[in-house]
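Residue-level structure breakdown
Okay, here's what each chain looks like letter by letter:
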2 protein chains.
Amino acid sequence: MTRILAHYLIETAGDPRQAAELMAGEQSAGTFVKVPGETPELLEAHGARIEALTLLDTVDAPSLPGAKPPKSPDGQYQRAYLTLSWPFANIGASLTTLWSTVAGNLFELNPFSGLKLLDVEIPPEIADAYPLPAFGVEGTRRLIGVTERPLFGTIIKPSVGLTPEQTADLVQTLCEAGLDFVKDDELQTNSPHSPLAARVAAVMRAVNAHADRTGKQVMVAFNVTGDLDEMRRGHDIVLAHGGTCIMVNMLAVGLVGVTELRRHSQLPIHGHRAGWGMFARHPLLGIEYPAYQKFMRVAGVDHLHVNGLQNKFCETDASVIASARECLTPMPGVGAVVLPVFSSGQSARQIPDTYRTMHSTDWLYLAGGGIMAHPQGPAAGVRALQQSWEAAREGIALADYARTHTELAGALERFGA
Amino acid sequence: MTRILAHYLIETAGDPRQAAELMAGEQSAGTFVKVPGETPELLEAHGARIEALTLLDTVDAPSLPGAKPPKSPDGQYQRAYLTLSWPFANIGASLTTLWSTVAGNLFELNPFSGLKLLDVEIPPEIADAYPLPAFGVEGTRRLIGVTERPLFGTIIKPSVGLTPEQTADLVQTLCEAGLDFVKDDELQTNSPHSPLAARVAAVMRAVNAHADRTGKQVMVAFNVTGDLDEMRRGHDIVLAHGGTCIMVNMLAVGLVGVTELRRHSQLPIHGHRAGWGMFARHPLLGIEYPAYQKFMRVAGVDHLHVNGLQNKFCETDASVIASARECLTPMPGVGAVVLPVFSSGQSARQIPDTYRTMHSTDWLYLAGGGIMAHPQGPAAGVRALQQSWEAAREGIALADYARTHTELAGALERFGA
């Protein structure tokens, strides 16, 4: 029978195998004491199993407080990679039960001074119960009409405070400047100062007029994050106005919110990970993105935020690129390739490095302030992105290309080279 | 106009006020650079405000990696309490937008080497849009028929692996032993080896037969965690069989899952926080329970897990009791008092301390292994809990009371005194 595997990084002052066994017990048929009914047959059929335990280095201080024993005899804390497996019969075709099992009551088990879920292997037996992404990379390219290069976009800034009409005026400028994609900020949902229905109507008038004039349909991701009925209504409003994308704050609505939105949606879903820092910032606590994003891909999100190189947050470039590559790697037996979205402190300056490290053009690159704050205005900000891409594609250093391209020169001066 | 307040603990190597201003900007109208349209009027109307900033101690190592600057000139990291506020117009009557705002893209802002959301004040303008808990403490007591004392319950153990019939046999034993409450483990949902419909049918036959014989309706919290339709069907099955409670893994289904389940439910909702360690275990990252549980109360959960004294996890007793008291504290202008649930490594031994520190009898006390693994069997495990409560109520030391009460004596010997 299929077993489901999850991979962890652990740290303990005790014996790593004993700690792993306790964890396997707590997350399946055991508890802190032996109970009647916990027969050898039951444990064999339903117990979680240690599939691999690889010792790593030791450290001389615990990564997290509260573990017991607080110290090992030699004062060292052993780190290890651990792989556990569960029988499908424990879990069934359910993302929420899978979540409760691989990311449930284990982060605070007291043998551990560190515990992070690194990855999870979601088998077709679970994924087949979900509709998966309907658009992904190809569907998004088809709607935008761009096949050969990365997609370039922006975030409405200021994030909050603009009226629907002001937002539409800005979107019109951005369409005329030649962007592929525009999105609401994660903070801008269906708020009293910019109700979604009014914002969609105003913005789509500008977007549709631009499409009529030029043949280019700019994709706008409207943030429909809200209660379920509100999200469905939001989707229907976007669809009715000829919009081609909706956005959701995945961590705010949760797994059921994302799943239900997908079941209703006829549009690509742009997945924003606002709040992600809480899950991932500590190296020995929480969840790494390769694990989390698989849940969202099976739930049916088409675009996934992965932060950006040299970002305004605390994530390393290596972690950003690993997340982005993961989005483009088919899940075995499932597929569900999705479009990685670079965002956070991005401007013209990071495009060549992004291209070099991705070895692919299948990505969406978002600059918010990096377009809006261009010294010659947003349209010049967009031109600077395009020029940066030309330089990257041709293998010309940005500084050289900037000598003959004033918008790129302005961006490098403003945002750093 | 109403402003919404959130309270944080922060740590930074830089100037705390500058860091707080950046955070306020990022979570409202600003971004990493000044953009056109960010007018003084817009900032006045929609910017987040620093309401209070109280310096605490300094520490000589950063709590989290990745912050910039990595070090202050004196090598110290300043901690501080910070209160931010947002205008209602930014957020509207939406829990998901509130979540995106107070717990969104801030945990990884790079001026911070530590950032934790401690509390949030959810005003009636938001709470009034939600149905709130339908049962809470009083409704739960009414269904169980117990008014004067704490409620005592257990968790089915082994957590997974029992067939529906084996589960029903165990529940019958527990009913006969005099428990008020029984719940599924958080790992036991609607799995292939114990489908919810079969489990509910078998268990409720035993519970209803016991009620017919004795007049006592034991409350069983069936774990309906799943996709939304699955949860609703699960609720309907429980209701149809005369069940009186459903359980949900709040972190697995997320805010929309909990909210929608409440909108459908005619039964008390037992909120399990499996996975909570990821949010709270680090003292300078994530969310404290007083903040999180307010979202769940407004969403409409009736019972909230708070861990237990001397638990098998890493949480301190002070934190456990603070969480439990918070559940019983009405939210200003909202109310929404809910039943705190003590669980995790609990047995007869922690009841007197729990009573002493709570100054209240409004709590549900769950022992799983602490009942099932009693040396004289589960029925004796239940008697031991009852005897421990008698001792606590009368102010008699457990060791003294155990001299004349053999079940209590057995529990203290097995689980520690």
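Scope of this entry: the structure provided in the associated data block. (Residues numbered from 1 in each chain as written. Chains lettered and ligands numbered in written order. Predicted model: local features only at pLDDT ≥ 70, side-chain atom pairs only at ≥ 80, totals over all residues. Heavy atoms only, no water.)

**Some remarks on the sheet that holds strand β7 (residues 219-223) of chain A**
Residue and element names in this part refer to chain A. Strand order in this closed barrel of 8 strands is β5-β6-β7-β8-β9-β11-β12-β13, and the pairing throughout is parallel. On average, adjacent strands in this sheet sit at an angle of 25° to one another, irrespective of strand direction. Pairing of strand β9 (residues 269-272) with strand β11 (residues 303-305) involves 2 bridges; the strand directions are parallel. Across the sheet, residue G271 finds its bridge partner in β11, namely L304. Strand contacts of helix α14 (residues 351-358): β5 (151-155), β12 (339-342) and β13 (364-366), with the helix running at about 150° to β12, the strand carrying the most contacts. (Pairing = 2+ DSSP bridges. Helix = DSSP H or I, 4+ residues; strand = E, 2+ residues; numbered from the N terminus. Axes fitted to C-alpha atoms, helices over the stretch in contact; angles between N-to-C directions. Contact = heavy atoms within 4.5 Å.)

**Structural notes on the layout of surface pockets**
Reported here for the largest pocket is a volume of approximately 440 Å³. Lining the largest pocket are 22 residues, and of these A:K116, A:A280, A:R281, A:E288 and A:S319 sit closest to its centre. Those elements that provide at least two residues to the lining of the largest pocket are β4 (112-120), α11 (277-280), α12 (289-299) and α13 (317-328) of chain A. Across the lining of the largest pocket, the residue classes tally to 10 nonpolar, 6 polar and 6 charged. What the second largest pocket holds in volume is close to 320 Å³. Lining the second largest pocket we find 18 residues, and of these B:A280, B:R281, B:E315, B:T316 and B:S319 sit closest to its centre. For the lining of the second largest pocket, the secondary-structure elements that each account for two or more residues are α11 (277-280), α12 (289-299) and α13 (317-328) of chain B. (1 Å grid on protein atoms, 1.4 Å probe; cavity = no way out; pocket = protein on both sides within 12 Å on 5 of 7 lines; lining within 4 Å. Points joined across faces, edges and corners; volume = space filled by probe spheres on them. Nonpolar A, V, L, I, M, F, W, Y, C, P; charged D, E, K, R; others polar.)

**So, the pattern of salt bridges**
Under the defined criterion, the tally for this structure stands at 41 salt bridges over all chains. A salt bridge links B:R79 to B:E11; its shortest N-O distance comes to 2.8 Å. With B:R79 in strand β3 (residues 77-87) and B:E11 in strand β1 (residues 3-12), this residue pair connects regions lying 68 residues apart in the sequence. Overlapping salt bridges bring together A:D227, B:D229, B:R232, B:E260 and B:R263 as one network. (Salt bridge = Lys/Arg side-chain N within 4 Å of Asp/Glu carboxyl O.)

**Section: the side chain of A:Q346**
Mapped onto the elements, A:Q346 comes out in the loop between β12 and α14. Within the structure, A:Q346 has its side chain in polar contact with the backbone oxygen of A:S344 (distance 3.1 Å). If we ignore the near neighbours within four places in the chain, the residues touching A:Q346 are A:G308, A:L309, A:Q310, A:N311, A:Y365, A:L366, A:A367, A:G370 and B:F32. (Polar contact = N/O pair within 3.5 Å; in protein donor to acceptor, adjacent residues only side chain to side chain.)

**Side note on the interface of chain A and chain B**
A common way to report how large an interface is uses the accessible area buried once the components associate. Across the boundary between the two partners, chain A contributes 96 residues, which contact 96 residues of chain B. The junction of chain A with chain B conceals about 7,600 Å² of combined surface from both sides, 60% of it contributed by carbon and sulfur atoms. It is A:E108, A:M278 and A:R281 that lose the most area in chain A upon contact with chain B, and together they represent 11% of the buried surface on that side. Put simply, chain A and chain B have 4 salt bridges between them. With its nearest N and O atoms 3.0 Å apart, the salt bridge here joins A:E26 to B:K312. (Buried area = accessible area lost by both parts, 1.4 Å probe.)

**A look at the packing of aromatic side chains**
Under the criterion given, the structure shown has 26 aromatic pairs over all chains. Ring plane angle 75° and centroid distance 5.0 Å describe the contact between A:W99 and A:F295, whose orientation is recorded as edge-to-face. Separated by 196 residues along the polypeptide, A:W99 in helix α4 (residues 95-102) and A:F295 in helix α12 bring together distant segments of the chain. A:F295 matches A:W99 in its accessibility class, with the two residues each being buried. Between the aromatic rings of B:W276 and B:Y292, the centroid separation amounts to 5.1 Å while the plane-to-plane angle is 45°, which identifies the pairing as tilted. (Phe/Tyr/Trp six-rings, centres within 6.5 Å; stacked < 30°, edge-to-face > 60°. Buried < 20%, exposed > 50% of the residue type's maximum accessible area, 1.4 Å probe, protein only.)

**A look at the sheet that holds strand β3 (residues 77-87) of chain A**
Sheet strands line up and pair through hydrogen bonds in the backbone, either parallel or antiparallel. Residue and element names in this part refer to chain A. Taken together, 5 strands build an open sheet; the order of strands is β2-β3-β1-β4-β10 and the sheet is mixed. Single-partner strands in this sheet number two, and they are β2 (49-59) and β10 (285-287). With strand direction ignored, the average angle separating the axes of adjacent strands in the sheet is 20°. Note that strand β1 (residues 3-12) and β3 share 10 bridges and pair antiparallel. When the sheet's bridge partners are listed, I10 is paired in β3 with A80. Running over the sheet, α12 touches β4 and β10 and is turned about 45° from β4.

**A short note on the relation of the copies chain A and chain B**
Under the fitted operation, chain A is carried onto chain B by 0.0 Å of movement along the axis and a turn of 180°, and the coordinates agree to an RMSD of 0.0 Å. Such values leave the two copies arranged in the relation of a two-fold axis. Using C-alpha coordinates, one finds that chain A approaches the rotation axis most closely at A:G254, a distance of 2.0 Å. Take the interface residues of chain A: 100% of them recur as interface residues in chain B, which is what a same-surface contact looks like. (Least-squares fit on C-alpha atoms with pLDDT ≥ 70 in both.)

**What about the pairing of strand β8 (residues 245-249) of chain A?**
All names here are of chain A. Burial analysis of β8 places 5 of its 5 residues in the buried class, the great majority of the element. At this point the chain moves from β7, through helix α9 (residues 228-240), to the parallel β8, and the crossover so formed is right-handed. Pairing between β8 and β9: 4 bridges, direction parallel. By the bridge assignment for β9, N249 is matched with H272. Assessed by its sense of winding, the connection that carries the chain from β8 through helix α10 (residues 250-264) to β9 is right-handed. (Right-handed = clockwise from strand over helix to strand, strands pointing away.)

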